[in-house]
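Fold and contact review
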Amino acid sequence: MYNFDGMIGQLKQNPKSIVFTEGPDPRILDAASRLLKDDFLKPILLGNKEEIEAVAKENGYDITGAVIIDPANYDKMDEMVDCLCELRKKKGMTPEEARKTLAKSNYFGTMLVKMGVADCLLGGATYSTADTVRPALQIIKTKPENTIVSSCFILVRPAKDGNGNEILALADCAINLYPNEDQLVEICGETVKCGKIFGMDPKVAFLSYSTLGSGKGEDVDKMRNATAKAKEKYPELPIEGELQFDAAYCPEVGQLKAKGSKVAGYANTFIFPDINAGNIGYKLSQRLGGFDAYGPILLGLNAPINDLSRGCNGDEVYSMAIITAAQA
Ligand SMILES: CC(C)(COP(=O)(O)OP(=O)(O)OC[C@H]1O[C@@H](n2cnc3c(N)ncnc32)[C@H](O)[C@@H]1OP(=O)(O)O)[C@@H](O)C(=O)NCCC(=O)NCCS
């Protein structure tokens with residue numbers, strides 16, 4: 001199962017806690033009730049205790065033992081306000097503004113991770129991507145060795161030969177609108193790391209409408225230059241570009257258009273030129289190609305925070321919770 005057993009095995013050795021910002025949502029409670037039966041990931045539900053317990057009971061989810069924290073009634077709120085003011089000092093945040101901000105569970109939950117109360121966070125069942133990601137960017141921030149936070153989707157479907165699963169990684173489909181060459185290189189490195197959590201053996205294609213000079217244009221140059229920089233930075237990785245998608249994915253086209261390349265036709269990790277291409281690309285794969293899509297998985301943050309699709313179901317929340325904790 002695309003290494004979910006491996007992720008769970010690791011978590012069993014080193015259990016984590018995860019904040020769910022939308023505690024009263026039935027899909028969250030479905031996942032939380034399943035996690036509570038296991039012993040590797042402790043759910044922390046944000047919201048009003050009575051409301052959460054009522055929704056759980058109404059939907060038949062047993063959440064006995066869940067930690068519930070109500071931002072409206074948190075005993076360490078003063079400490080959290082001070083901490084947020086300090087973090088946002090340069091932006092001139094006042095205690096009044098901090099208190100108002102922390103009434104929102106996306107900011108409150110992110111501060112729980114920042115203050116070490118929880119290891120990671122999953123939100124977005126009702127919030128937009130931007131509203132889940134923004135507190136993470138402002139509070140958790142980019143890892144010291146990174147310059148940006150980016151994202152990838154992991155796509156999974158049964159392999160055509162009936163042998164296990166086909167697993168692909170696509171980036172950046174959700175955060176950076178127009179990444180430059182250096183940012184594309186960073187996105188490549190982070191996506192490869194994430195793919196490895198899923199047991200992937202990465203072969204990276206930098207995608208374009210051109211294959212090795214067949215087309216001309218600024219965007220082609222960007223992808224070709226990014227490929228050269230990525231090859232220099234990660235000499236151990238199989239990387240090719242710029243490639244059209246068919247040359248990257250289909251062996252017969254890859255070997256016709258990029259003869260002798262070890263990647264062309266066999267790529268499983270795709271770096272897109274911008275968010276338009278990436279976002280459309282992953283949705284085409286999901287809807288036309290029958291792949292299950294996991295993500296956006298945020299990359300390059302100081303602590304794992306991930307975003308759910310608003311159309312998610314309880315199974316997806318459960319899987320994303322495990323993926324998020326596995327990044328911790
Ligand atoms: C991610 C996103 C929400 C940030 O937007 P924003 O809030 O307008 O960003 P701002 O420029 O105001 O920046 C807010 C903070 O985040 C930081 N930031 C913004 N983008 C960042 C990035 N890619 N990496 C790291 N930090 C980033 C800024 O430096 C700023 O920090 P500061 O407040 O400490 O100075 C925006 O890039 C976005 O909307 N992306 C597309 C999301 C989307 O719709 N995806 C498709 C659906 S899946």
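Residues numbered from 1 in each chain as written. Predicted model: local features only at pLDDT ≥ 70, side-chain atom pairs only at ≥ 80, totals over all residues.

Observations concerning the overall build of the protein
Scanning the protein from N- to C-terminus turns up 13 helices and eleven strands. In terms of its C-alpha atoms, the protein occupies a principal-axis envelope of roughly 65 × 50 × 30 Å. Sorting the 328 residues of the protein into buried and exposed places 47% on the buried side. Across the protein, the fraction of contacts at a sequence separation of at least 24, relative to all contacts at a separation of at least 6, is 70%. (Helix = DSSP H or I, 4+ residues; strand = E, 2+ residues; numbered from the N terminus. Buried ≥ 20, exposed ≤ 12 C-beta atoms within 10 Å, placed from the backbone. Contact = placed C-beta atoms within 7 Å.)

A short note on helix 4 (residues 77-87)
Met 80, Val 81 and Leu 84 are the residues of helix 4 that are buried. All buried residues of helix 4 project into a common sector of 100° when viewed along the axis, lining one side. Every exposed residue of helix 4 that faces more than 90 degrees away from the buried side is listed here: Asp 78, Glu 79, Asp 82 and Glu 86. Of the surrounding elements, those touching the buried residues of helix 4 are helix 5 (95-102) and helix 6 (105-114). (Arc of directions from axis to C-beta.)

Here's the deal with the pairing of strand 2 (residues 41-46)
Buried residues dominate strand 2, accounting for five of its six residues. Looking at chain direction, strand 1 (residues 16-20) and strand 2 are connected through five bridges and run parallel. From the neighbouring strand, Lys 16 faces strand 2, where its bridge partner is Leu 41. This β-α-β element, strand 1 to helix 2 (residues 26-37) to strand 2, shows right-handed connectivity. Judged from the three bridges that link them, strand 2 and strand 3 (residues 67-69) form a sheet pairing that is parallel. When the bridges of strand 3 are listed, Leu 46 appears paired with Ile 69. Handedness of the crossover is the feature at issue here: the chain leaves strand 2, passes through helix 3 (residues 49-59), returns alongside strand 3, and the resulting connection is right-handed. (Pairing = 2+ DSSP bridges. Right-handed = clockwise from strand over helix to strand, strands pointing away.)

Here's the deal with the nonpolar core
Counting 96 residues, the largest nonpolar core has Ile 18, Leu 170, Ile 271 and Ala 321 as its most contacted members. Sorting elements by how many residues they give to this core places helix 13 (residues 314-326) first, with eight residues. Here this core spans two domains, since at least three of its residues come from each of domain 1 (4-141 + 305-326) and domain 2 (150-292). Leave out the neighbours within four places in its chain, and Leu 170 touches Cys 152, Phe 153, Leu 155, Phe 270, Phe 272, Gly 278, Gly 281 and Tyr 282. (Core = buried A, V, L, I, M, F, W, Y, C linked by C-beta atoms within 7 Å. Domains from an automatic or database assignment.)

Side note on the site of the ligand
Neighbouring residues of the ligand: 14 residues in total, closest Ala 130, Leu 137, Ile 148, Val 149 and Ala 174. Considering every element that reaches the shell around the ligand, the biggest residue donor is helix 7 (residues 129-140), with six residues. (Near = placed C-beta within 6 Å.)

Things to note about the sheet that holds strand 5 (residues 150-158)
The strand order across the open sheet built from six strands is 8-7-9-6-5-10, with neighbouring strands paired in mixed fashion. The sheet is open, and its two borders are formed by strand 8 (239-243) and strand 10 (292-299), each paired with just one other strand. This sheet shows a mean twist of 20° between the axes of neighbouring strands, independent of strand direction. Bridge count between strand 7 (residues 204-207) and strand 9 (residues 269-271): three bridges; the pairing is parallel. In the strand pairing of strand 9, Phe 206 is matched with Ile 271. Most of the contacts of helix 9 (residues 218-233) go to strand 8, to which it runs at about 175°, and overall it touches strand 7 and strand 8. (Axes fitted to C-alpha atoms, helices over the stretch in contact; angles between N-to-C directions.)

Focus on the sheet that holds strand 4 (residues 120-123)
Judged by pairing direction, the sheet is parallel, and its five strands sit side by side in the order 3-2-1-4-11 without closing on themselves. Edge positions in the sheet fall to strand 3 and strand 11 (305-307), since each of these pairs with one other strand and no more. Across the sheet, the axes of successive neighbouring strands diverge by a mean angle of 25°, strand direction being ignored. Where strand 4 and strand 11 come together, three bridges link them in parallel fashion. Residue pairing in the sheet places Gly 123 in a bridge with Asp 307 of strand 11. Across the sheet, helix 6 is in contact with strand 1, strand 2, strand 4 and strand 11; its angle to strand 4 comes to roughly 165°. Contacts between helix 7 and the sheet are confined to strand 4 and strand 11, with strand 11 contributing the most and set at about 165° to the helix.

Overview of the packing of helix 6 against helix 7
Viewed as axis vectors pointing N to C, helix 6 and helix 7 meet at an angle of 40°, and their least axial separation amounts to 9 Å. Considering how the two elements wind past one another, helix 6 and helix 7 form a crossing that is right-handed. Across the interface between the two elements, Asn 106, Tyr 107, Thr 110, Met 111, Val 113 and Lys 114 from helix 6 touch Asp 131, Thr 132, Pro 135, Ala 136, Ile 139 and Ile 140 from helix 7. When grouped by side-chain class, the residues that make up the contact of helix 6 with helix 7 number seven nonpolar, three polar and two charged. (Left-handed = near helix turned anticlockwise from the far one by under 90°. Nonpolar A, V, L, I, M, F, W, Y, C, P; charged D, E, K, R; others polar.)

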